[in-house]
Amino acid sequence: NAGVMQNPRHLVRRRGQEARLRCSPMKGHSHVYWYRQLPEEGLKFMVYLQKENIIDESGMPKERFSAEFPKEGPSILRIQQVVRGDSAAYFCASSLGEAAKNIQYFGAGTRLSVL
Amino acid sequence: SQQGEEDPQALSIQEGENATMNCSYKTSINNLQWYRQNSGRGLVHLILIRSNEREKHSGRLRVTLDTSKKSSSLLITASRAADTASYFCATGLYSGAGSYQLTFGKGTKLSVIP
């Protein structure tokens, strides 16, 4: 009964490269959320997706960041042309149904380091 | 600014003692949730309390919610070394974008000394 799976756990990129973070939700969950956590900070909401749809991307930076949750396969958070300020832990969560009525279950996160 | 603010930022107690953490928020909420995060790991959901509830229990956890003061507290009784972690409150509310978001505070770092 696997939980939310994120990979890779650690990702190192040089400035200007692309980072692709993957998240497989819990079995049966069709709602996915991405959060970013800076050191000593709480999680900041980025985006909420349902299969093939972006429900709320109000927390996503306007440039370089994108997210998708295709019909088949994991959700992907993509950061183009990474900068040092993108270094953070990125967490994915999933829920069985809509956000307002369901508990979110979190993955272990991907720690992105930009050199 | 942060919706949820935990207090204290750090707390150190002896095993067996009770730990109390507080959370204040600014706007109306639909519910408030507490999560635990062990160092370098993801968040684990502990308990959810709805805006029309005042108190909730789960094992050694007791959560209170005072919507008039916009505050919540998490009490861990008879603490154990394994309770050492960061604890976050998260307020759930509908966002301006029409969806529902969890907004997290900065957390309280709890250290339970054996």
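See the structure shown above.
How each quantity is defined
Residues numbered from 1 in each chain as written. Chains lettered and ligands numbered in written order. Predicted model: local features only at pLDDT ≥ 70, side-chain atom pairs only at ≥ 80, totals over all residues. Heavy atoms only, no water. Disulfide = S-S within 2.5 Å. Helix = DSSP H or I, 4+ residues; strand = E, 2+ residues; numbered from the N terminus. Buried < 20%, exposed > 50% of the residue type's maximum accessible area, 1.4 Å probe, protein only. Contact = heavy atoms within 4.5 Å. Buried area = accessible area lost by both parts, 1.4 Å probe. Salt bridge = Lys/Arg side-chain N within 4 Å of Asp/Glu carboxyl O. Polar contact = N/O pair within 3.5 Å; in protein donor to acceptor, adjacent residues only side chain to side chain. Pairing = 2+ DSSP bridges. Axes fitted to C-alpha atoms, helices over the stretch in contact; angles between N-to-C directions. Core = buried A, V, L, I, M, F, W, Y, C linked by side-chain atoms within 4.5 Å. Phe/Tyr/Trp six-rings, centres within 6.5 Å; stacked < 30°, edge-to-face > 60°.

Trainee: It is not clear to me how the state of the cysteines should be interpreted in this structure. Could you clarify?
Mentor: Formally, a disulfide is one covalent bond, and it connects the sulfur atom of one cysteine to the sulfur atom of another. Residues and elements named next belong to chain A. Using the criterion set out here, one finds two disulfides over all chains in the structure. Linked covalently through their sulfurs, C23 and C92 form a disulfide whose S-S length is 1.8 Å. For the disulfide bridge between C23 and C92, the dihedral angle about the S-S bond is near -55°, and by the sign convention the bridge is left-handed. Taken together, the positions of C23 in strand β3 (residues 19–24) and C92 in strand β9 (residues 88–95) put the pair 69 residues apart, joining distant regions of the chain. The pair C23 / C92 is uniform in exposure class, with both members buried.

Trainee: So what exactly am I meant to see when it comes to the interface of chain A and chain B here?
Mentor: By a widespread convention, an interface's size corresponds to the accessible area lost as its parts come together. Each side of the interface is counted separately: chain A has 22 residues, and chain B has 22 residues. Surface buried jointly by chain A and chain B totals about 1700 Å² across both partners, of which 53% is contributed by carbon and sulfur atoms. At the junction of chain A and chain B, the tally comes to two salt bridges. One salt bridge in this structure joins E40(A) and K109(B), with 3.3 Å as the shortest N-O distance. For the interface between chain A and chain B, the tally reads six residue pairs in polar contact (both at pLDDT 80 or more). For the side of chain A that touches chain B, the secondary-structure elements that each account for two or more residues are β4 (31–37), β5 (43–50) and β6 (53–56) of chain A.

Trainee: Looking at this structure, I do not really get unusual backbone geometry. What am I missing?
Mentor: It is generally the case that most residues other than glycine have a negative phi and that most peptide bonds are trans. Residues and elements named next belong to chain A. With omega at -5°, the peptide bond leading from N7 into P8 counts as cis. By secondary structure assignment, the location of P8 is in the loop between β1 (5–7) and β2 (10–13). Unlike most non-glycine residues, E52 shows phi in positive territory, near 65°. Of note in this structure, Q81 is not a glycine but carries a positive phi near 45°. Within the secondary structure, Q81 sits in the loop between β8 (75–79) and β9.

Trainee: Sorry, what's going on with the sheet that holds strand β7 (residues 61–66) of chain B here?
Mentor: By definition, the strands of a sheet pair up through backbone hydrogen bonds, in either a parallel or an antiparallel sense. Residue and element names in this part refer to chain B. Strand order in the open sheet formed by five strands is β1-β3-β8-β7-β6, with antiparallel pairing between adjacent strands. With one partner strand each, in any of the chains shown, β1 (5–7) and β6 (55–58) form the two edges of the open sheet. Strand after strand, the sheet turns through a mean of 20° between neighbouring axes, direction not considered. Here β1 pairs with strand β3 (residues 19–24) via three bridges, running antiparallel. Considered in β3, the bridge of E6 is made with C23.

Trainee: I would appreciate a short explanation of the nonpolar core in the present structure.
Mentor: A general tendency of soluble globular proteins is for nonpolar side chains to be buried together. In terms of nonpolar packing, the biggest core is built from 23 residues, with W34(A), M46(A), L77(A) and Y90(A) touching the most fellow members. With sequence-adjacent residues up to four places away left out, M46(A) is seen in contact with W34(A), Y35(A), R36(A), D56(A), E57(A), S58(A), G59(A), M60(A), P61(A), F65(A), L77(A) and Y90(A). Counting residues in hydrophobic clusters, the runner-up holds 21 residues, among them C23(B), Y25(B), L74(B) and A85(B).

Trainee: Explanation requested: the packing of aromatic side chains in the structure shown.
Mentor: To describe a pair of aromatic rings, one takes the distance between the centres and the angle between the planes. Counted according to the given criterion, the structure contains seven aromatic pairs over all chains. Here Y35(A) and F45(A) contribute two aromatic rings whose centre-to-centre distance is 6.0 Å and whose plane-to-plane angle is 75°, an arrangement assigned as edge-to-face. With Y35(A) in strand β4 and F45(A) in strand β5, the pair connects residues that are 10 residues apart, well separated along the chain. Residue classification places F45(A) among the buried positions, given a relative accessible area of 9%. An angle of 85° between the planes, with centres 6.0 Å apart, marks the rings of F106(A) and F104(B) as edge-to-face. Of the two residues, F106(A) sits in strand β10 (residues 105–106) while F104(B) sits in strand β10 (residues 100–104), which places them in two different chains.

Trainee: Teacher, can you tell me more about the environment of G73(A) here?
Mentor: Positionally, G73(A) belongs in the loop between β7 (65–68) and β8. Placed 30 residues apart in sequence, G73(A) and I103(A) show a C-alpha to C-alpha distance of 22 Å.

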